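Commentary on secondary and tertiary structure
Each chain, written out:
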Amino acid sequence: MKTTRRKFIGQMGLATAGTLFVPLFLKGFDSMAASSIKTSNKKLIIIQLSGGNDGLNTVIPFRNDIYYKERPQIAIPQNEVIKLSDEQGLNPALLPLKKIYEEGELTIINNVGYPNPDRSHFRSMDIWQTGSSSNEYLSTGWLGRYLDNIHLENQNKPTHFALEMDDTLSLALKGIKKSGFAAQDLNRLKRTTSTPVVKAILDSEKNNVAYSLKSHHEHSHDEQVSYLYQTLSNTAASSEYLFEKNKAGKTVANYPKNRFGKDIQQVAKLINSGCDSQIYYVSLNGFDTHANQKNAQERLFKNYAEAIEALRKDLRKTDNWNDTLVMTFSKFGRRVGENASRGTDHGTANVVFLAGGDLKKKQFVGQAPNLTDLDNGDLKFKIDFRQIYSDILKNWLKTNPKSILNADFENLGLV
Amino acid sequence: MKSTPQKIQHLYWRAEFGILPKDINMLKTTKNIKSAVKQIFERAKPIHKFSNDFDMHSLSAMKNMNGKQKKQLRKSARQDVRELNVEWVEQMAHPKKGTLREKMAFFWHGHFACELKNPIFAVQQINTIKKHALGNFKDLVLAIAKDAAMILYLNNQQNRKRKPNENFARELLELFTIGRGNYTENDIKEAARAFTGWFTNRLTGEFNFRQRAHDEGQKTFMGKTGNFDGNDIIDIILSKKETAHFITTKIYSFFVNEVEPNKKNIEELTTVFFESDYNIEKMMKHLFLQDWFYEEQNIGSKIKSPVEFLVGMMRTLNLNFKNEDGILFTQKVLGQILFRPPNVAGWQGGKAWIDNATLMVRLNYAGYIFNQAEIEIDIKDEPETKKIRVGRKIDVSANINPLMKSFQKTDTKDLAKELSDFLIQIPQNSKKELNKTFQKTAFEAYANAATNQNEKIKAWTVSILSLPEYQMC
């Protein structure tokens, strides 16, 4: 690769690259990135359990007969449940969370949902990611609007300020003026943004400016191409920075040897390196368990809990754990009753986890799910998920939640 | 107004997978759009089906196998799916096979998005889609409702009288036919009842209606009451013009303009589709014959999907992949693997194809090919899904002789302009800007360093294929 690249640089006549223009808006960007931006040192890690995790087999109401009656094949036997309170306990595959809970660093929020729940994967995911009501359609994410908001307050943040450990960016991180940054592998990113071709395109100052400064695009073509150029220049600026930070970050704990484990480890590295990314977004896929749920869910939980345990260990070593909040959610729970194929169908209210060194008390928020008062076979929600967002925005990210959620939500005092 | 060659090129990018270098002259000789459209539909007549020569008996023999044998069988099934994927991409890139029928089949594959893991069922579903791709939409929906892979993917196999499973009914309404806002939660429940007993034979993939699992009771669906089965439900859904509207809106976004949906044009298409009783060919023919299809606004307005990008590149550069890895790798790394849509909603498309990571691969792709370099990307494993394992090296060679032949006599000073006219879909007003930038960048120095015409053509081709503008079609 090295020889090839050198050869190509020679072919492209890029010996003069140093004298070529740096696009104007990139110059501006560089100076912004270099200046010391005053930011909160609080970190927020969002973990999305994709597919709609079954909350009733996550936090188990082990004294409830209805639970066992409705789930003859997939219920977790009482003697296997990791008991946290008189009524509720964890799925045995979540064992590492027990210690975190007992040390007061895990909050379990019951019955989280929203009015008129939507059981469609896509719609419900959009609702959770945009922070909308079920009859409201938003094209920006709640974290994207947070980025827009701090941008408006004239605190220009680099695109990697909100970082998703993935190949594509979720709606949650899409704003209008500012969006987050998707990067699955930071070493790779650095290499691909330093090829001669990319450099030559970046150097075509006139081209960049022509597209980026057009405020009114005459054609769909211009709008799309302008988007491509801007994505390119932002990528180049951020990749160098993230690469260096990732290299500097240290971790020692054992992470699961799979994609999710690696993603969480990379988050730990970046936080430990003092990276100026504030928000990290990680997904764990596979929770759409219509059939044969039990083994699949337990495998995923083991993966999840071991990664959280390792993250906590590494962040504690560098005193970052107290400034870190991990929120784990899934867009909907499942039906109370199991289906005929030892699985569960799309449901409504669900459990949300918060973890972090600053929580200081072990607690359940809200009563255990009421299995006698159902809405057509589904749990009724008690806490609006936007109340949790609101708490996080106000008390953790220190911003005005109303300007992001477009409404006031009752404070829960979670963080 | 654009010239006829430019219009025809637009037509070929949208109706097929782009024009071939050897056909540049055809652009100049074709007299009018009408005859070009006629040819497109003529070419689309043959159905290039996948042959199904997989051993079905091995599946039924599976229950007598030991762990090792089962593992081996699963491994060979995964390999078969990989080969089918590559076969389809190569068909799309093939000068004679990559027709409108394949483009439509590609569209419907994203519409009736379904993960295809079993090679026998994959062949069956894609052949079904190819067969009905330009036929009647009702036949297509009905065939999909009876398709083995879909029945298993959306759990209709678990949909029985006593415990209805709503997964298929929900997606049928939300994503496959009428779209959100036009039905109630209760309609889903009732539709699910109507589809009870629509099973498949897990071994042969044949449709299997089981009377005993079917709910014979009265159902009330979209205001109608009767002892409905799945056929009736599909009839009722298609009797609503909203269904035609939902489909043509998606067609418009895919074939015309994904940024600015034109309500009037979509309305016009909806009427044609609905009044023809869902004749797909009639609707598509209407679309390609309208002046609005060729408006400046729609030229180069669409970001190529990864498969369109790959197939287009294969056609332009006569790419010869030494093994299947390169074709699979490219799909994976750019975020679109045939047979493996992210979920039942299919690929989102448009700007969603582009993020920092995928854009870098796209811009560097031509460079990788000409320098035989490795694409340095680690493909992450997804622990919970069956996946196609791919390597990172794309072993591929390009043959740009046809391209060189076509531009042999082009004046050196016009080379960048002429080549970009052919390689890039761009509206007139943006052309000047693009041509100006050629002169100011390292690209021109690179091309000027080449000593003869062929080398200059090659140098400009690499440069142009590396531009963000090349992502558009």
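Note that the structure is predicted; figures quoted are calculated from it, not measured. (Residues numbered from 1 in each chain as written. Chains lettered and ligands numbered in written order. Predicted model: local features only at pLDDT ≥ 70, side-chain atom pairs only at ≥ 80, totals over all residues. Heavy atoms only, no water.)

**A word on the overall build of chain B**
Definition in use: Labels follow the DSSP assignment, with helices taken as runs of H or I lasting at least four residues and strands as runs of E lasting at least two, numbered in each case from the N terminus. Working definition: with a 1.4 Å probe on protein chains only, accessible area under 20% of the residue-type maximum means buried, over 50% means exposed, and in between means partly exposed. Between two residues, a contact is recorded if the distance between any of their heavy atoms is within 4.5 Å.
When helices and strands are tallied, chain B shows 23 helices and six strands. Taking the principal axes of the C-alpha coordinates as reference, chain B spans close to 80 × 55 × 35 Å. Burial analysis of chain B (473 residues in total) assigns 60% to the buried set. Within chain B, residue pairs in contact and separated by at least 24 positions form 74% of the contacts whose partners lie at least 6 positions apart.

**With respect to the confidence of the model for chain A**
Our working rule: Confidence of the predictor in every single residue is expressed as pLDDT, which spans 0 to 100.
Per-residue confidence for chain A gives a mean pLDDT of 85, with 87% of residues at or over 70. Ignoring residues within four places in sequence, the model shows residues 1-39 of chain A, a span with pLDDT below 50, making 50 contacts including any to other chains.

**Some thoughts on the pairing of strand 9 (residues 324-329) of chain A**
All names here are of chain A. Going by this rule: Strand pairing is defined by DSSP finding a minimum of two bridges between the two strands.
Most of strand 9 is tucked away, with six of its six residues classed as buried. Relative to strand 9, strand 1 (residues 43-49) runs parallel, the two sharing six bridges. Paired with Leu44 across the two strands is Leu325, which belongs to strand 9. Two strands pair when backbone bridges link them, and strand 9 and strand 10 (residues 350-355) are joined in this way by three bridges, in the antiparallel orientation. Its bridge partner being in strand 10, Val326 is matched across the sheet by Ala355.

**Observations concerning helix 15 (residues 280-289) of chain B**
Selection criterion: In this context, the arc is that of the directions from the helix axis out to the C-beta atoms.
Regarding helix 15 of chain B, the residues found buried are Ile280, Met283, Met284, Leu287 and Phe288 of chain B. One side of helix 15 of chain B carries all its buried residues, which in axial view fall inside an arc of 130 degrees.

**Topic: the nonpolar core**
We count it as follows: The nonpolar core is taken to be a set of buried Ala, Val, Leu, Ile, Met, Phe, Trp, Tyr and Cys residues, with the residues joined through side-chain atoms within 4.5 Å.
In this structure, Trp108, Phe137, Met284 and Phe288 of chain B are the most contacted members of the largest nonpolar core, which totals 160 residues. Broken down by element, the residue count for this core peaks at nine residues, all from helix 18 (residues 356-371) of chain B. The residues touching Phe288 of chain B, leaving out its near neighbours within four places in the chain, are Leu11, Ala15, Ile33, Val37, Phe41, Leu100, Phe255, Phe293 and Tyr294 of chain B. In terms of nonpolar packing, the next biggest core, distinct from the first, is built from 49 residues, Leu97, Ala253, Ile308 and Phe364 of chain A among them.

**Points about the pattern of salt bridges**
We count it as follows: The working definition used for a salt bridge is a side-chain nitrogen of Lys or Arg within 4 Å of a carboxyl oxygen of Asp or Glu.
Counting across every chain of the model gives 39 salt bridges over all chains. Of the charged contacts in the structure, one is a salt bridge between Arg316 of chain A and Glu103 of chain A, with a shortest N-O distance of 2.9 Å. Taken together, the residues span a long stretch of sequence, with Arg316 of chain A in helix 12 (residues 293-317) and Glu103 of chain A in the loop between helix 4 (96-102) and strand 5 (106-113) at a distance of 213 residues. On the accessibility criterion, Glu103 of chain A (36% relative accessible area) is partly exposed. Between Asp166 of chain A and Arg259 of chain A there is a salt bridge, and its shortest N-O distance comes to 2.9 Å. Of this pair, Asp166 of chain A sits in the loop between strand 6 (162-164) and strand 7 (181-182) while Arg259 of chain A sits in helix 11 (residues 259-272); the two residues are 93 residues apart in sequence, bridging distant segments of the chain. Assigned by exposure class, Asp166 of chain A and Arg259 of chain A land together as buried. Among the ionic contacts, a cluster of salt bridges with common partners joins Arg119, Arg335 and Asp378 of chain A together with Glu166, Arg170 and Glu185 of chain B.

**Comments concerning the environment of Asp288 of chain A**
Residue and element names in this part refer to chain A. As a reminder, the rule being used: Counting of polar contacts relies on pairs of N or O atoms within 3.5 Å, with two restrictions inside protein: one atom must be capable of donating a hydrogen and the other of accepting it, and residues adjacent in sequence are counted only when both atoms are side-chain atoms.
Looking at the element boundaries, Asp288 is found in the loop between strand 8 (279-284) and helix 12. For Asp288, a relative accessible area of 32% gives the class partly exposed. Sequence separation between Asp288 and Gly333 is 45 residues, and the spatial gap between their C-alpha atoms is 9.8 Å. A distance of 3.3 Å separates a polar atom in the side chain of Asp288 from a polar atom in the side chain of His346.

**Some words on the packing of aromatic side chains**
Using the following cut-off: Here the aromatic set is Phe, Tyr and Trp, taking the six-membered ring for Trp, and pairing holds for ring centres within 6.5 Å; pairs whose planes are under 30 degrees apart are stacked, those over 60 apart are edge-to-face, and all others are tilted. Consider the ring centre and the ring normal. A charge sits over the ring if Lys NZ or Arg CZ is within 6 Å of that centre and within 35 degrees of that normal.
On inspection of all chains with the given rule, the structure shows 37 aromatic pairs over all chains. Here the basic side chain of Lys157 of chain A rests over the ring of Phe161 of chain A, its NZ or CZ set 5.2 Å away from the ring centre. Here the basic side chain of Lys103 of chain B rests over the ring of Phe17 of chain B, its NZ or CZ set 4.9 Å away from the ring centre.

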